[in-house]
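Structural features, examined
What follows is each chain in one-letter form.
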Amino acid sequence: MAHPLFAAHHKLEPFWLDDMPAPTLGTPDPPGSADVAVVGSGYTGLAAALTLAREGRGVVVFDAEAAGYGCSSRNGGQCGGGLKPGFDRLSARYGKVRALAMYREARASLEYLAELVEREAIACHFSRPGRFIGAHRPGHYETLARDFETLRREVGLECHAVPRAEQHGEIGSDIYYGGGVIAGHAALHPALYHRGLLERALDAGVVVVPHTPVTRIERAGAGFAVTHGRGTLAAGNVIVATNGYTNAHAHGRGPVLPALRRRVIPIGSYMIATEPLAPGVMERLIPNDRVLSDTRQVVLYYRSSPDRRRLLFGGRVALAETDPGTSGPKLHGIMSAIFPELGAARISHSWMGFVAYTFDHLPHLGVHDGLHFAMGYCGTGVAMASWLGHKVALKVLGAPEGATAFDDLAFPTRPFYRGTPWFLAGAVLYYRLRDQLAR
Ligand SMILES: Cc1cc2nc3c(=O)[nH]c(=O)nc-3n(C[C@H](O)[C@H](O)[C@H](O)COP(=O)(O)OP(=O)(O)OC[C@H]3O[C@@H](n4cnc5c(N)ncnc54)[C@H](O)[C@@H]3O)c2cc1C
């Protein structure tokens with residue numbers, strides 16, 4: 001029996017897939033050869049495929065599941081242009097010049113996404129309402145205001161602090177100790193964006209082969225032999241774009257590239273959608289229609305649906321991975337602590353997906369044993385995956401524009417880490433306790 005917070009006809013799948021007909025791809029027979037094989041059909045894989053196909057390359061994209069099955073059709077649709085590590089921390093680690101370049105590139109990824117959506121005429125409710133970040137504890141407000149000052153000065157970011165006395169202008173909640181607004185951060189409908197990319201890639205001649213896992217990649221002559229669910233394809237180059245689904249143990253497939261499995265940490269992120277709310281409620285809760293997050297260590301993110309009738313609320317609710325039937329009511333509890341007036345709102349959809357964290361909290365792209373890869377967006381890949389997918393394609397083409405501020409970064413792993421994050425429950429518990437103690 002479902003938890004009483006679930007609506008009668010709730011779905012344990014992404015809200016975004018409502019009213020979205022499945023793409024009519026069938027399961028085409030993959031050709032025997034291609035210039036480039038791409039593993040993974042999310043934003044990274046499709047952005048790469050589109051850039052390559054427009055330059056006249058023959059591209060085949062494989063996905064073990066339906067096209068876009070991974071995060072790219074199930075995320076929160078919040079598009080930021082920042083990085084996980086703060087600017088000061090990044091400067092201390094890599095020097096100010098490199099940190100500045102990385103931050104500028106993160107901003108460039110958001111501008112690229114905006115241009116791509118416009119140029120390709122992808123109807124996906126793209127808008128740029130800006131972001132409100134709530135301060136979870138009193139000290140966080142001062143830190144946020146200081147960080148904003150640095151980012152304004154060093155990176156030219158348009159942002160301002162919002163003291164607690166004024167926060168009702170941004171959010172209908174008393175839970176935060178003030179916060180801050182970053183202008184220009186965007187929102188989109190993630191599944192429509194994915195569908196648009198898929199259609200443009202198909203129009204450009206890309207062959208997309210769903211339900212066909214790639215199980216092995218070996219060097220063969222000057223290229224690679226790509227073994228997949230229905231045979232072998234000879235490819236001049238290969239791009240691995242499997243992000244949070246790289247981990248074979250979690251998903252029952254052979255590791256395409258064991259070295260990557262040791263470097264990305266798959267972490268479940270969970271979301272719910274409420275049933276449509278009464279007229280006027282959303283205007284009180286999120287008056288400026290911004291995307292929202294807060295300064296907690298165990299990240300929360302939320303926003304309204306494109307029609308402003310539902311709240312879409314996401315985060316991490318359990319120490320170990322759980323199922324959407326269990327995570328839904330837990331997320332609801334956190335949501336109604338922020339918005340008590342949603343205490344009785346019922347859940348229409350509950351779902352999850354695997355994001356890819358990295359040990360240095362930075363995205364990575366590069367070449368390993370001749371194979372190109374881009375992944376590790378640490379839960380913020382809508383803009384960055386599109387951008388680095390494009391960049392990795394430029395690298396395959398040998399174009400100098402493929403250079404990025406993330407080139408040549410060491411891609412760290414840890415001893416005893418083989419792709420199963422045994423330390424995750426402990427880490428989440430540690431950060432959750434810090435969040436609780438902070439209040
Ligand atoms: C619940 C949730 C909320 C999120 N919210 C946000 C947000 O608001 N903003 C934001 O910026 N980011 C968000 N993210 C993260 C963002 O969605 C991802 O960073 C981004 O979609 C990554 O795209 P990708 O193409 O690299 O990977 P994915 O879209 O995950 O695609 C990887 C694909 O690889 C396929 N694959 C794996 N192994 C194989 C194999 N051996 N053979 C063939 N195919 C294979 C998988 O089936 C999968 O379809 C969220 C993620 C989740 C789960």
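Calculation rules
- Residues numbered from 1 in each chain as written.
- Predicted model: local features only at pLDDT ≥ 70, side-chain atom pairs only at ≥ 80, totals over all residues.
- Heavy atoms only, no water.
- Helix = DSSP H or I, 4+ residues; strand = E, 2+ residues; numbered from the N terminus.
- Buried < 20%, exposed > 50% of the residue type's maximum accessible area, 1.4 Å probe, protein only.
- Contact = heavy atoms within 4.5 Å.
- Areas by Shrake-Rupley, 256 points an atom, 1.4 Å probe, with all protein chains shown as cover.
- Lys, Arg positive; Asp, Glu negative; His and termini not counted.
- Charge placed at Lys NZ, Arg CZ, Asp CG, Glu CD.
- Salt bridge = Lys/Arg side-chain N within 4 Å of Asp/Glu carboxyl O.
- Pairing = 2+ DSSP bridges.
- Near = heavy atom within 4 Å.
- Polar contact = N/O pair within 3.5 Å; in protein donor to acceptor, adjacent residues only side chain to side chain.
- Core = buried A, V, L, I, M, F, W, Y, C linked by side-chain atoms within 4.5 Å.

Quick look at the overall build of the protein chain
If you tally the helices and strands in the protein chain, you get 11 helices and 19 strands. Its C-alpha atoms give the protein chain principal-axis dimensions of roughly 65 × 55 × 45 Å. Across the 439 residues that make up the protein chain, the buried fraction comes to 57%. The long-range fraction of contacts in the protein chain, counting pairs at least 24 apart against all pairs at least 6 apart in sequence, stands at 74%. Taken as a whole, the protein chain presents about 17800 Å² of accessible surface, with 54% of it coming from carbon and sulfur. Of note, the protein chain has its 45 positive side-chain charges centred 6 Å away from the centre of its 39 negative side-chain charges.

Side note on the pattern of salt bridges
Summed over all chains, the structure comprises 17 salt bridges. Taking the shortest distance from any N to any O, the salt bridge between R54 and E120 comes out at 2.7 Å. You can see R54 sitting in helix 1 (residues 43-54) and its partner E120 sitting in the loop between helix 3 (96-119) and strand 5 (131-134), a full 66 residues away along the chain. On the accessibility criterion, R54 (46% relative accessible area) is partly exposed.

Things to note about the pairing of strand 16 (residues 311-315)
Within strand 16, five of the five residues are buried, which leaves the element mostly enclosed by the surrounding structure. Both faces of strand 16 are covered, namely the face carrying L311, F313 and G315 and the face carrying L312 and G314. With five bridges joining them, strand 15 (residues 300-304) and strand 16 adopt antiparallel strand pairing. Within the sheet, the bridge partner assigned to Y301 lies in strand 16 and is G314. Here strand 15 hands over to strand 16 after six residues, with R308 in that stretch at a positive phi of 60°.

Considering the site of the ligand
Among the 37 residues in the neighbourhood of the ligand, the closest are listed as T44, D63, S72, G76 and Q78. Between an oxygen atom of the ligand and a main-chain N or O atom of G70, the distance comes to 3.1 Å. Between the ligand and S72, the relevant distance is 2.6 Å, taken from an oxygen atom to a side-chain nitrogen or oxygen of the residue. Notes on the ligand: free accessible area 1000 Å², of which the protein chains cover 98%. Here the shell around the ligand takes three residues from helix 10 (residues 381-396), the largest share from any one element.

Section: the nonpolar core
L83, L113 and Y193 are the most contacted members of the largest nonpolar core, which has 63 residues in total. Top element by residues in this core is helix 3. It accounts for 10 residues. What L83 contacts, discounting residues up to four positions off in sequence, is L90, M102, Y103, A106, L362, P363, M384 and F406.

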